[in-house]
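Here's the letter readout for the chains.
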Amino acid sequence: MRHWTREFLLLALCGALGTLLGGHYGHAGFGLAAGLGLYLLLTFRQLRRLYRWAKAPDGTNPPSATGLWGELFDRLYRYQKRERQQQAHLQGVIDRVERSSEAMYDAMVILDAHAALDSWNAAATRMLGFEQPQDRGQHVTNLLRHPRFVHYFLAQHYDDPLELPSPVDESRTLQFQITPFGDHERLMVVRDITRLQRLEQMRRDFVANVSHELRTPLTVFTGYLEPLAQAAETALPPRLARGVAQMEQQADRMRHLIDDLLMLSRLENEQSFSPRIAVDVAALIQQVHSDGVALSKGRQTFELKIETSAELLGAREELRSALTNLVSNAVRYAGNGRRIELRWYLADSGEGCLSVSDDGEGIERRHLSRLTERFYRVDKSRSSATGGTGLGLAIVKHVLLRHQGRLEIESSLGRGARFTLCFPAERVSLPTPSDACAD
Ligand code: ADP
């Protein structure tokens, strides 16, 4: 306010002096105009200094001035300094983020709202071959042309990552994970998982080899055990006969375990190839039903519901194995006098679903999410006593993975259990009208 008063006084002084001087010569009006003109001149002079300073390089000291103009220059200078400091701080943050992203081992690519390449780090150049600046603005599918990537990218279901061979080195495997952010932009993180995959492969090979190697001694062992067990009851004292019977039982369990381990590693090894042969599910489920009835030996009653004549495009033996595991579980865990239902139907979504349900003891909810883990058992002693290997549901899960299906488990303690295998509609093959007529 003080400066404003001073400025106003200066204006008044110029006006008064001009009027006085003009009045002295008989031209008070001219004198006032000249006084005000002088004030304007002084103001223009300061404006010119302000303009020159504004054009000067950043950091130049402001012109020295007093009064309102001095205050104005000072404030502008402080404002400019604060802006410079903030800018330097922000630039520092940006530089740090850029440096850390450059140092990252994983590739990071930012795609704009039109899926064109916006920016990427050095790892992206190394792993994906993106070049600066010529690839900037290119649609990502122009540069990553693998059909599986194009399909994954356009489908926009980014919950699960995608694994592909590197476009610059076929021997390396990359894992793509895309996260949408901001205004339809996407962040693509690409990891080199070659080492991890090799370790996984080594683990799978190891399990497969050990299982395979165990098969031969076990065959020899059971080969001798069989006649021994047959003769044991009459030729051996009861204690030894019991021992031989137990050996036979355990050898049988071991054989099942080896078979399941081999089946699992085969399913895992062939994960990327998914078979598509038309399987007559009605016939398949009937066969599994008969096997279940035989296994149950009258302890449970069975019901079979075939609600569609649709076929499934997949691998028959794998589907049979998955279904057999579920039926065998129902027989072993539901308990005596229970009802087991097998059902083949089409869901409203068009999915083909196979379900095995029982009204037995069921499973506590807290176990449900872990049931498909290898060797996970709700009741270890019960599973072993019933000949379980702990691998049955893991096999089911892998069969479904290979068929792009999903497993639903509904159960609670005392209320039975339902295991449903749902296969995508594109794997369901409905009979053509001519097939129906032929029937
Ligand atoms: P296991 O060889 O032990 O049967 P699975 O992987 O087939 O291994 O099953 C895992 C566990 O799930 C079993 O140990 C059992 O406790 C439970 N389970 C599976 N099916 C049923 C069922 N129909 N009723 C109750 N429990 C079940």
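Structural data are supplied above this passage.
Residues numbered from 1 in each chain as written. Predicted model: local features only at pLDDT ≥ 70, side-chain atom pairs only at ≥ 80, totals over all residues. Heavy atoms only, no water.

1. So, unusual backbone geometry
- Following Gln132, the chain continues to Pro133 via a peptide bond in cis, the omega torsion being -10°.
- Position of Pro133 among the secondary structure elements: in the loop between helix 4 (122-128) and helix 5 (140-143).
- Backbone geometry at Ala115 places phi at a positive 65°, although glycine is not the residue there.
- Here Ala115 lies in the loop between strand 1 (107-111) and strand 2 (117-120).
- Given a relative accessible area of 3%, Ala115 falls into the buried group.
- Positive phi values are uncommon outside glycine, yet Gln404 reaches one of about 55°.
- In this structure, Gln404 sits in the loop between helix 13 (392-402) and strand 11 (406-411). (Helix = DSSP H or I, 4+ residues; strand = E, 2+ residues; numbered from the N terminus. Buried < 20%, exposed > 50% of the residue type's maximum accessible area, 1.4 Å probe, protein only.)

2. Things to note about the sheet that holds strand 10 (residues 352-358)
- Pairing in this open sheet of five strands is mixed, and the strands run 7-9-10-12-11 from one edge to the other. The two strands at the open ends of the sheet, each matched to only one other strand, are strand 7 (301-306) and strand 11. Averaged over all pairs of adjacent strands, the angle between their axes in this sheet comes to 10°, without regard to strand direction.
- Two strands pair when backbone bridges link them, and strand 7 and strand 9 (residues 339-346) are joined in this way by six bridges, in the parallel orientation. Its bridge partner being in strand 9, Leu304 is matched across the sheet by Leu342.
- Set on the sheet, helix 10 (residues 316-334) makes contact with strand 7, strand 9, strand 10 and strand 12 (417-423); between it and strand 10 the angle comes to about 20°.
- Along the sheet, helix 13 makes contact with strand 11 and strand 12, crossing strand 12 at roughly 20°. (Pairing = 2+ DSSP bridges. Axes fitted to C-alpha atoms, helices over the stretch in contact; angles between N-to-C directions. Contact = heavy atoms within 4.5 Å.)

3. Considering helix 7 (residues 194-235)
- The first and last C-alpha atoms of helix 7 sit 59 Å apart over 42 residues, in line with the 62 Å expected at 1.5 Å per residue.
- Thr194, Arg204, Ala208, Ser211, Leu218, Leu225, Ala229 and Ala232 are the residues of helix 7 that are buried.
- Tucked inside the fold, the buried residues of helix 7 contact strand 4 (173-181), strand 5 (185-192) and helix 8 (238-269). (Expected span 1.5 Å × (residues − 1).)

4. Focus: the sheet that holds strand 6 (residues 277-279)
- The strand order across the open sheet formed by three strands is 6-8-13, and the pairing between neighbours is antiparallel. The two strands at the open ends of the sheet, each matched to only one other strand, are strand 6 and strand 13 (428-429).

5. As for the site of the ligand
- Taken together, 19 residues form the shell around the ligand, and within it Asn329, Tyr333, Ser383, Thr389 and Gly390 come nearest.
- In the environment of the ligand, an oxygen atom lies 3.1 Å from a nitrogen or oxygen atom belonging to the side chain of Arg332.
- Within the backbone of Val378, a nitrogen or oxygen atom sits 3.4 Å from an oxygen atom of the ligand.
- Residue contributions to the shell around the ligand peak at four residues, all from helix 10.
- Classifying every residue of the shell around the ligand by side-chain character gives nine nonpolar, seven polar and three charged. (Near = heavy atom within 4 Å. Polar contact = N/O pair within 3.5 Å; in protein donor to acceptor, adjacent residues only side chain to side chain. Nonpolar A, V, L, I, M, F, W, Y, C, P; charged D, E, K, R; others polar.)

6. Notes on a positive patch on the surface
- Taken together, Arg45, Arg48, Arg52 and Lys55 make up a surface patch of like positive charges.
- Along the chain, Arg48 turns up in helix 2 (residues 28-55). (Patch = residues over 30% accessible without salt bridge, like charges linked within 9 Å, V, L, I, M, F, W, Y side chains within 5 Å. Areas by Shrake-Rupley, 256 points an atom, 1.4 Å probe, with all protein chains shown as cover. Salt bridge = Lys/Arg side-chain N within 4 Å of Asp/Glu carboxyl O. Lys, Arg positive; Asp, Glu negative; His and termini not counted. Charge placed at Lys NZ, Arg CZ, Asp CG, Glu CD.)

7. Some points on helix 9 (residues 281-296)
- Taking 1.5 Å per residue as the helical rise, helix 9 with its 16 residues ought to reach 22 Å, and the 22 Å between its terminal C-alpha atoms agrees with that figure.
- Taken together, the buried positions of helix 9 are occupied by Val281, Ala282, Leu284, Ile285, Val288, His289, Gly292 and Ser296. The buried side chains of helix 9 occupy one side of the element, clustering within an arc of 155° when seen end-on.
- For helix 9, the elements touching its buried residues are strand 6, strand 7, strand 8 (311-314), helix 10, strand 9 and strand 10.
- N-cap assignment for helix 9: the residue whose side-chain oxygen lies 3.3 Å from the backbone N of Ala282 is Asp280.
- Two residues or fewer past helix 9, Lys297 is found with a positive phi of approximately 50°. (Arc of directions from axis to C-beta.)

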